[in-house]
Amino acid sequence: MSDPSAALRLLTVAESAAADHAAAVAGVPGIRLMENAGQRVVEALTARFARGPVAVLCGPGNNGGDGFVIARRLAEAGWPVRLGLLGDPAALTGDAAHMRDAWAGPVEPLSPALLEGAGLAVDALFGAGLTRPLEGVAAEVIAALGQRRLPVVAVDLPSGIAGDTGLALGEAPDCALTVTFARAKPGHWLLPGRLKRGELVVADIGIPEAAVAAQDGRLWLNDPALWTLPRPDPAGHKYSRGHALVVGGGRLTGAGRLAARAARRVGAGLLSVAAPAAVHALYAGDQPGVMVRPLDGPGDLDALLTDSRLNAWLLGPGGGAGEVLAGRVLTVLASGRPVVLDADALTSFAEAPQSLFRAVRGPAVLTPHGGEFARLFPDLDPARLGRLEATRAAARRSGAVVVLKAFDSVVAAPDGRAVINANAVPDLASAGTGDVLAGFVLGLLAQGMAPFEATCAAVWLHGAAGRAVGPGLIAEDLPEALPGVLRHLFGAPDPR
Ligand SMILES: NC(=O)C1=CN([C@@H]2O[C@H](COP(=O)(O)OP(=O)(O)OC[C@H]3O[C@@H](n4cnc5c(N)ncnc54)[C@H](O)[C@@H]3O)[C@@H](O)[C@H]2O)[C@H](O)CC1
Ligand SMILES: [K+]
């Protein structure tokens, strides 16, 4: 594959259907895709489960059609198979009807009774076509799967999980394995879909690469293949690695100190903290490599803005939400400097988000967690829209790169590009880790990375550092874990 990011592409439900259609136009008919899909599921299933009684649960559409192929191929391989169908067999159409006719066994009505004596279930009820919460006998059967603790192999998606959002429309089964086709969907990587799907296999079912590449292509699973971290130029010096500025709090200095340490660890050549003179010792004493600048009155801010070497700013950590901070944010935004806004810098605009968005000029990154996001974008509810669409809409509206932080962080740019991050560990839900992330973004901006790439890289490095430390991690560990993560990325230093 020439473009390494191609394998990391995620396809939405609509893009997946368009790729299907493009495949048919290219001479690969849907019936062959369905046969191949069923075969790929059987291969993945038989590689993981010993032969035994299996219940294949089929829905009224092509997900069900895949189920008929799976049932036939398992029976041909000697597996004892029972097949249950939701709805009238005569109502099946197109490829699904064809596969129904190719199934030699009985078609039983879908019911929990099908699970009697089964050691495994294949969930071919709903996939990309799910449009509303599960109900009736479909919901009953999925509930019975849970009660019986039967291993479940899902076709394309666990039924009940929406492909584009990962949200559960009703109770989805806890699956041991999900086999999807051509590319993963956002719902395979966003919660709860990511937790419900079990192991994910992305199978090639013969959709031509050109049909996949022809899709929108601005959504990826976050990965180092998508961005290039800056490396110091041997002929350079510390000034060529940027001079990052943290506008630190006058009371809660811990947040600013964490962000400062993170920005330096990720490679910023110089790091200054601007804070009230009364707390300078707290910043300088903590990290001898940190320079401190006074920030007590408006004149101090103007003085900082005239220093063109300060080429990336972070406001928010421990800043104390309110008019003063909001005023400083607007002044820095008006200067067009690359800026990261976190925590209190976001909360300060909860009453007037538009005043923040209108002020965005240059490269800007907003790093809200769910609560801060809800205050800035109250109408963009991720629980309704899904995290991907909500974050993309927020980026478009604010004109900034937005990362909606969580276990399944989403980074979106105003131009529609987005990544879903997949390497976090739950232990990152701990005080101060957000300050570290903001520092990582700041340090990469200071080195000249563009805001979307810098934020994707920072989120990934943050997850990798959390993974490297593991259980028991505290925020202070993350910057210290970064050299090991970077060594792993770059390999051992070049001996020459
Ligand atoms: N390129 C590929 O990815 C291929 C995918 N295949 C399979 O096709 C399905 C999508 O099939 P589709 O017929 O569009 O939808 P579903 O089978 O998922 O849903 C069937 C049907 O059910 C109705 N429906 C939706 N929600 C509900 C509900 N809660 N209760 C009852 N009925 C509901 C709605 O009308 C749907 O149309 C994909 O997942 C793959 O498994 C191809 O087989 C191979 C190529
Ligand atoms: K399914």
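None of these values were measured; they are calculated from a predicted model. (Residues numbered from 1 in each chain as written. Chains lettered and ligands numbered in written order. Predicted model: local features only at pLDDT ≥ 70, side-chain atom pairs only at ≥ 80, totals over all residues. Heavy atoms only, no water.)

Participant: Requested: an account of the domain arrangement of the protein chain, with residues and values cited.
Facilitator: According to the domain assignment, the protein chain consists of domain 1 (6-217) and domain 2 (224-490). Facing the 11 residues of domain 1 at the interface are 16 residues of domain 2. Taken together, the two surfaces of domain 1 and domain 2 that pack against each other cover about 960 Å², and 72% of this comes from carbon and sulfur. Across the domain 1-domain 2 interface, the total number found is two residue pairs in polar contact (both at pLDDT 80 or more). For the side of domain 1 that touches domain 2, the per-class residue count stands at seven nonpolar, one polar and three charged. (Domains from an automatic or database assignment. Contact = heavy atoms within 4.5 Å. Buried area = accessible area lost by both parts, 1.4 Å probe. Polar contact = N/O pair within 3.5 Å; in protein donor to acceptor, adjacent residues only side chain to side chain. Nonpolar A, V, L, I, M, F, W, Y, C, P; charged D, E, K, R; others polar.)

Participant: Outline the layout of surface pockets, supporting the account with residue identities and numerical values.
Facilitator: Its volume calculated, the largest pocket comes out at about 530 Å³. Asp20, Asn62, Asp66, Ala128 and Asp156 are, among the 25 residues lining the largest pocket, the residues nearest its centre. Of all the secondary structure elements, the ones that give two or more residues to the lining of the largest pocket are α1 (13-25), α2 (30-46) and α3 (62-76). (1 Å grid on protein atoms, 1.4 Å probe; cavity = no way out; pocket = protein on both sides within 12 Å on 5 of 7 lines; lining within 4 Å. Points joined across faces, edges and corners; volume = space filled by probe spheres on them. Helix = DSSP H or I, 4+ residues; strand = E, 2+ residues; numbered from the N terminus.)

Participant: Please set out the coordination of the potassium ion (ligand 2) residue by residue, giving values where relevant.
Facilitator: Coordination of the potassium ion (ligand 2) by the protein involves Asn63 (OD1), Asp123 (O), Phe126 (O), Val155 (O) and Leu157 (O), with metal-donor separations of 2.6 to 2.9 Å. We classify Val155 as buried; its relative accessible area is 0%. (Donors = N, O, S within 2.8 Å, 3.2 Å for Na, K, Ca; no water. Buried < 20%, exposed > 50% of the residue type's maximum accessible area, 1.4 Å probe, protein only.)

Participant: Explain the nonpolar core residue by residue, including any values.
Facilitator: Leu271, Leu442, Leu444 and Leu461 are the most contacted members of the largest nonpolar core, which totals 58 residues. For this core, the element with the highest residue contribution is helix α18 (residues 451-469), accounting for 10 residues. Setting aside chain neighbours within four positions, we find Leu444 in contact with Leu229, Pro230, Val266, Met449, Ala454, Ala457, Ala458 and Leu461. Ala274, Leu315, Ala326 and Leu404 belong to the second largest nonpolar core, which has 51 residues in total. (Core = buried A, V, L, I, M, F, W, Y, C linked by side-chain atoms within 4.5 Å.)

Participant: Give me the site of ligand 1: which residues, what numbers.
Facilitator: What surrounds ligand 1 is a group of 23 residues, the closest being Asp20, Asp66, Gly127, Arg132 and Asp156. Between ligand 1 and Pro133, the relevant distance is 3.1 Å, taken from a nitrogen atom to a main-chain nitrogen or oxygen of the residue. A total of 860 Å² of accessible area belongs to ligand 1 in isolation, and the protein chains cover 81% of it. Here ligand 1 is seated within the largest pocket. Those elements that provide at least two residues to the shell around ligand 1 are α1, α2 and α3. With three residues, α3 is the single largest residue contributor to the shell around ligand 1. In terms of residue class, the shell around ligand 1 is built from 12 nonpolar, seven polar and four charged. (Near = heavy atom within 4 Å. Areas by Shrake-Rupley, 256 points an atom, 1.4 Å probe, with all protein chains shown as cover. Sits in = over half its atoms within 2 Å of the grid points.)

Participant: Break down the UniProt feature "domain: YjeF N-terminal" (unreviewed entry) in the protein chain for me, citing the residues and quoting the values.
Facilitator: UniProt records the feature "domain: YjeF N-terminal" (unreviewed entry) for residues 16-213 in the present numbering. What you have in residues 16-213 is 37% helix and 16% strand, and the ends, taken at the C-alpha atoms, are 11 Å apart. (UniProt positions renumbered as here; feature names shortened; annotations may be inferred.)

Participant: I'd like a description of the confidence of the model for the protein chain, backed by residues and values.
Facilitator: Within the protein chain, residue pLDDT values average 96, and 100% of them lie at 70 or more. This prediction of the complex comes with two scores: 0.96 for pTM and 0.97 for ipTM. (pLDDT = per-residue confidence, 0-100.)

Participant: Can you explain the sheet that holds strand β15 (residues 401-404)? Please cite residues and give values.
Facilitator: Reading across the sheet, the 10 strands line up as β8-β17-β16-β15-β14-β13-β12-β9-β10-β11 and stay open at both edges, with mixed pairing between neighbours. Edge positions in the sheet fall to β8 (219-221) and β11 (291-294), since each has one partner strand and no second. For this sheet, the mean angle separating the axes of adjacent strands, direction not counted, is 20°. Alignment of strand β9 (residues 243-247) against strand β12 (residues 310-315), held across five bridges, turns out to be parallel. Looking across to β12, one finds that His243 is bridged to Leu310. Most of the contacts of helix α17 (residues 433-446) go to β12, to which it runs at about 165°, and overall it touches β9, β10 (270-275), β12, β13 (339-341) and β14 (364-366). (Pairing = 2+ DSSP bridges. Axes fitted to C-alpha atoms, helices over the stretch in contact; angles between N-to-C directions.)

Participant: So what about the sheet that holds strand β6 (residues 177-181)? Which residues, and what values?
Facilitator: Spatial ordering of the open sheet is given by β3-β2-β1-β4-β5-β6-β7, a layout of seven strands whose pairing is parallel. Taken across any chain shown, the strands that pair with only one partner, and hence form the sheet edges, are β3 (108-109) and β7 (199-203). α2 contacts β4 (120-124), β5 (152-155), β6 and β7 of the sheet and is inclined by roughly 150° relative to β6.

Participant: Please provide a residue-by-residue account of the packing of aromatic side chains, values included.
Facilitator: Applying the stated criterion across every chain yields a total of three aromatic pairs. For the ring pair Phe357 and Phe377, a centre distance of 5.1 Å and an interplane angle of 5° mean the geometry is stacked. You can see Phe357 sitting in helix α13 (residues 353-359) and its partner Phe377 sitting in the loop between α14 (370-376) and α15 (382-385), a full 20 residues away along the chain. Here Phe357 matches Phe377 in class, with each residue buried. Arranged with centres 4.9 Å apart and planes meeting at 45°, the rings of Phe373 and Phe377 form a pair that is tilted. For the pair shown, Phe373 and Phe377 are each scored as buried. Taken together, the aromatic side chains of Phe357, Phe373 and Phe377 make up a single cluster linked through ring pairs. (Phe/Tyr/Trp six-rings, centres within 6.5 Å; stacked < 30°, edge-to-face > 60°.)

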